[in-house]
Amino acid sequence: FRLGVGMMILNKDGRILVGKRVESKFEAWQMPQGGILTGETPSRAVFREMKEEIGCDCARIIAETKKWYSYNIPDFLISRLWDGQYKGQKQKWFLVEFTGSDADINIETENPEFREWRWVSKDEILDIIVPFKKRLYIAVMKEFEHMF
């Protein structure tokens with residue numbers, strides 16, 4: 001498994017940031033996430049990945065999951081992601097308060113990962129996410145549910 005971080009980024013209204021990946025042909029969304037570089041702490045990776053994926057790191061970490069969560073990617077994606085080296089990711093998830101404004105978000109970064117973004121309610125997120133991450137999202141939301 002590839003080591004990484006995931007971010008449940010909340011705006012001041014308690015809505016969650018999701019993005020639609022640039023390479024996906026489906027109407028599947030996800031919360032920002034990314035790998036941990038060698039020698040990097042998970043919390044440092046959060047801010048780097050935010051900058052890489054949404055163009056800003058205007059945020060404050062509220063909490064992190066007690067455990068690492070993992071998910072498998074579908075077989076047809078293995079050869080397309082990470083040079084085929086991994087069958088999925090093992091991630092530490094963070095609940096993050098977004099301290100900027102919508103104008104600070106710019107997904108047209110140097111290496112864009114999202115083609116579209118929006119804020120969604122916690123009730124809506126499980127209906128729109130990529131199906132193979134649903135179990136992971138349920139677990140993460142359950143761990144953070146008393147905080148938002």
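Structure first, text after, so check above.
Residues numbered from 1 in each chain as written. Predicted model: local features only at pLDDT ≥ 70, side-chain atom pairs only at ≥ 80, totals over all residues. Heavy atoms only, no water.

Novice: Looking at this structure, I do not really get the overall build of the protein. What am I missing?
Specialist: The secondary structure content of the protein amounts to four helices and seven strands. The secondary structure elements of the protein, listed N-terminal to C-terminal, are β-β-β-α-β-β-α-β-β-α-α. For 148 residues, the compact-globule estimate of 2.2 N^0.38 gives 15 Å, and the C-alpha radius of gyration of the protein, at 14 Å, lies within 12% of that figure. Seen through its C-alpha atoms, the protein measures out along the principal axes to roughly 40 × 35 × 30 Å. Here the protein, with 148 residues, has 45% of them falling under the buried criterion. Once local pairs closer than 6 in sequence are excluded, the contacts in the protein between residues at least 24 apart make up 72%. Total accessible area on the protein is roughly 8,200 Å²; 49% of this is exposed by carbon and sulfur atoms. Counting 23 positive and 23 negative side-chain charges, the protein places the centres of these two groups 6 Å from one another. (Helix = DSSP H or I, 4+ residues; strand = E, 2+ residues; numbered from the N terminus. Rg over C-alpha atoms; globule rule 2.2 N^0.38 Å. Buried < 20%, exposed > 50% of the residue type's maximum accessible area, 1.4 Å probe, protein only. Contact = heavy atoms within 4.5 Å. Areas by Shrake-Rupley, 256 points an atom, 1.4 Å probe, with all protein chains shown as cover. Lys, Arg positive; Asp, Glu negative; His and termini not counted. Charge placed at Lys NZ, Arg CZ, Asp CG, Glu CD.)

Novice: Explain the nonpolar core to me, please; I cannot follow it from the model alone.
Specialist: Met8, Met31, Trp93 and Ile125 are the most contacted members of the largest nonpolar core, which totals 21 residues. Broken down by secondary-structure element, the contributors of at least two residues to this core are strand E1 (2-10), strand E2 (16-21), strand E5 (69-72), strand E6 (88-98), helix H3 (122-128) and helix H4 (134-144). Ranked by the residues each element gives to this core, the list is headed by H4, at five residues. Not counting residues within four places of it along the chain, the set of residues in contact with Met8 comprises Ile16, Met31, Trp93, Phe94, Leu95, Val96, Val140, Met141, Phe144 and Phe148. (Core = buried A, V, L, I, M, F, W, Y, C linked by side-chain atoms within 4.5 Å.)

Novice: Honestly, the packing of aromatic side chains in this entry has me stumped. Any pointers?
Specialist: One pair of aromatic rings is described through two measures. These are the centre distance and the angle between the planes. Within this structure, the stated rule accounts for four aromatic pairs. Note on Trp117 and Trp119: the rings are 6.0 Å apart at their centroids and 90° apart in plane angle, and the pair reads as edge-to-face. Three or more aromatic residues link up through ring pairs in this structure, and these residues are Phe98, Trp117 and Trp119. Across from the ring centre of Trp29, 4.5 Å away, lies the NZ or CZ of Arg118, which sits over that ring. Lys122 extends its terminal NZ or CZ atom over the ring of Phe148, reaching a point 5.2 Å from the ring centre. (Phe/Tyr/Trp six-rings, centres within 6.5 Å; stacked < 30°, edge-to-face > 60°. Lys NZ or Arg CZ within 6 Å of the ring centre and 35° of its normal.)

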